[in-house]
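Coordinate inspection notes
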Protein chains: 2
Amino acid sequence: MPDPHLIALDWGTSNLRASLLDARGQTLETRSAPGGVMAVQGGQFGQALLALCADWLAQTRCPLMASGMIGSRQGWREAPYLDAPTSLAQAARQLITVPVMVVDGRAERLLHIAPGLRCLDSAGEFDVMRGEETQIWGADLPAHSCCVLPGTHSKWAWLGEGGAIRHFKTFMTGELYGVLTQHSILGRLMVFGAEPGASQHEAFAAGVRLGLRGHAELPHTLFAARTAGLMGRVAPEALPDFLSGILLGAEVGGATAGAEPLQQVTLIGDEALCQRYALALAIKGLAVSRASDYATTRGQWLLAGAAGLLGAAA
Amino acid sequence: MPDPHLIALDWGTSNLRASLLDARGQTLETRSAPGGVMAVQGGQFGQALLALCADWLAQTRCPLMASGMIGSRQGWREAPYLDAPTSLAQAARQLITVPVMVVDGRAERLLHIAPGLRCLDSAGEFDVMRGEETQIWGADLPAHSCCVLPGTHSKWAWLGEGGAIRHFKTFMTGELYGVLTQHSILGRLMVFGAEPGASQHEAFAAGVRLGLRGHAELPHTLFAARTAGLMGRVAPEALPDFLSGILLGAEVGGATAGAEPLQQVTLIGDEALCQRYALALAIKGLAVSRASDYATTRGQWLLAGAAGLLGAAA
């Protein structure tokens, strides 16, 4: 195996994913465990890390770089938010560190943690991200572009000069879908787990069009996911897709209304979710491109390089 | 006790409320039980009715009139939706009936059930109501007025000539508040049950202003109920009110955007909820009036009269 140069940790709410990178930032090996911030009891983050990659730490002296919720107040140590606009170079100067006890309780190594970002939206409310900033920088997007990271809480980010993150917005779309299907009256008429087919696709597209049109009155628009079932306009097996479409349409409609005109959006993240977003964005008339699957690891590599950590190890 | 002239049943999803009315439609007695449509097992609606007011049925021959979910597909018998615009007189011609077995399985009496209403919104989706139409007619509102019935699913209704219900919109605001506080990440930072005070009132008003401003991107605007907690801008004890304000602001913002200009709204329903709505509507700059607490019973009385049921009993 070529010499490892970085242990890169994508440490989120649910999962811990570790990658061993070579001298050019290429992945040598990846591992993951359900050792996310919410899964780790009593602050035992060091144990969670060792459980996943004690052998890597024993075999190599290369630096450790993490991004994600591990730097939140509920994480290992809080890395204060940086105020957007923020470039990768600025973030690299604000890494925080925690000691990792590898042998006999001695502080053998330092784990570097990327800070999250904070911005004020036009209504004067804060928005925050942790982990997505690293993914965005790793996607190496052109200046002045816009990207979307689908997820439980999707993030829209608008970049400035040199790929700096100028501002961003969180949409609770995925979580709304979850609570509405599992806990609201909308789920009662639904049948889940149907094989995706034409009727699911059609229901999703109809939902997107409705959400785009009705995003300004979403608490009303959502009710269509009940009446369309009641009236037999959408089959129970396609109702989950109809609701998903309404919510994605509302997100795309809301994110693009009032903002600067947009022609193109880059999607970053999970393949299946990105496909849904690509459909919704296409219905809105936006061109869609996709970023590399390795954006997070790439971002951690770039952060470590900008912080001078790779030179020290090489 | 004066002669009873009508047994009026407000029979919803959760509760069954029965009122005994005199010759002028005044309430002689009221009773209620958790015998709503969802609580009654195996279609035993007759038993639920007898459990609450068998003595009334034994002592008097007056007619029975019901409105609400009892006329839905999950209810006793489905009363098909009438298409709005619909007047009280039109609905009174479309009552359906079910036999009530009072003694020894003989069909002694008829229960009359009011039909629900249906309308198409501007996006071509159906909206529905069951029970609220009777409440609205009972509130005796002026022609061309607008009223709001707060609740788990609040209803906005716009009236035409002679108090006919021209069109209406459902907003899932109350249910959104429920699922988001109980099941989403927003609830995690909240402390519930605090004595309402200045900070709750202030947080509610701030939420309303935010919801009014940000209703077009609600899945983003909602996230402020997390960041305001994270950043210490709203205390945990006031966060539920902040979220409630955001949702009510989004409802009022959505319902009034694009619709015909509105100066005045009549609120009908639960006192505490109506107070919250009155605040939100006032922040939007709308004048608010309140309808009688007895709108439902009054509507049932008027429907029974228009259907000729009261003449028969008197």
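Heads up: the structure comes first, above all this text.
Below you will find a few notes about this structure.

Reading the values: the criteria
- Residues numbered from 1 in each chain as written.
- Chains lettered and ligands numbered in written order.
- Predicted model: local features only at pLDDT ≥ 70, side-chain atom pairs only at ≥ 80, totals over all residues.
- Contact = placed C-beta atoms within 7 Å.
- Helix = DSSP H or I, 4+ residues; strand = E, 2+ residues; numbered from the N terminus.
- Nonpolar A, V, L, I, M, F, W, Y, C, P; charged D, E, K, R; others polar.
- Pairing = 2+ DSSP bridges.
- Least-squares fit on C-alpha atoms with pLDDT ≥ 70 in both.
- Expected span 1.5 Å × (residues − 1).
- Buried ≥ 20, exposed ≤ 12 C-beta atoms within 10 Å, placed from the backbone.

**Topic: the interface of chain A and chain B**
A common way to state how big an interface is: give the accessible area lost once the parts meet. Chain A puts 39 residues into the contact, and the matching count from chain B is 39 residues. For the side of chain A that touches chain B, the elements supplying multiple residues, two or more each, are strand E9 (126–129), strand E12 (165–171), helix H4 (173–183), helix H5 (198–214), helix H6 (218–221), helix H7 (224–230) and helix H8 (239–256) of chain A. Across the side of chain A that touches chain B, the residue classes break down as 23 nonpolar, nine polar and seven charged.

**Quick look at the sheet that holds strand E5 (residues 82–83) of chain A**
All names here are of chain A. Read from one edge of the open sheet, three strands run E5-E8-E9, paired in mixed fashion. Taken across any chain shown, the strands that pair with only one partner, and hence form the sheet edges, are E5 and E9. Sheet topology note: the E5/strand E8 (residues 117–120) ladder contains two bridges and is parallel. Residue Asp-83 lies in a different strand from E8, and its bridge partner there is Arg-118.

**Considering the relation of the copies chain A and chain B**
A rotation about some axis, followed by a shift along it, carries one copy of the chain onto the other. Of the two same-sequence chains, chain A is brought onto chain B (RMSD 0.1 Å, axial shift 0.0 Å) by a rotation of 180 degrees. The symmetry that links the two subunits is that of a two-fold axis. Residue Ala-216 of chain A of chain A places its C-alpha closer to the rotation axis than any other residue of that unit, at 1.9 Å. Interface residue correspondence from chain A to chain B reaches 100%, placing this contact among same-surface, isologous pairings.

**With respect to helix H1 (residues 45–59) of chain B**
Residue and element names in this part refer to chain B. With 15 residues, H1 extends 20 Å from end C-alpha to end C-alpha; this agrees with the ideal 21 Å at 1.5 Å per step. Every buried residue belonging to H1 is among Phe-45, Ala-48, Leu-49, Cys-53 and Trp-56, and all of these are buried. On its buried face, H1 is in contact with strand E1 (6–11), strand E2 (16–21), strand E3 (27–33) and strand E6 (96–103).

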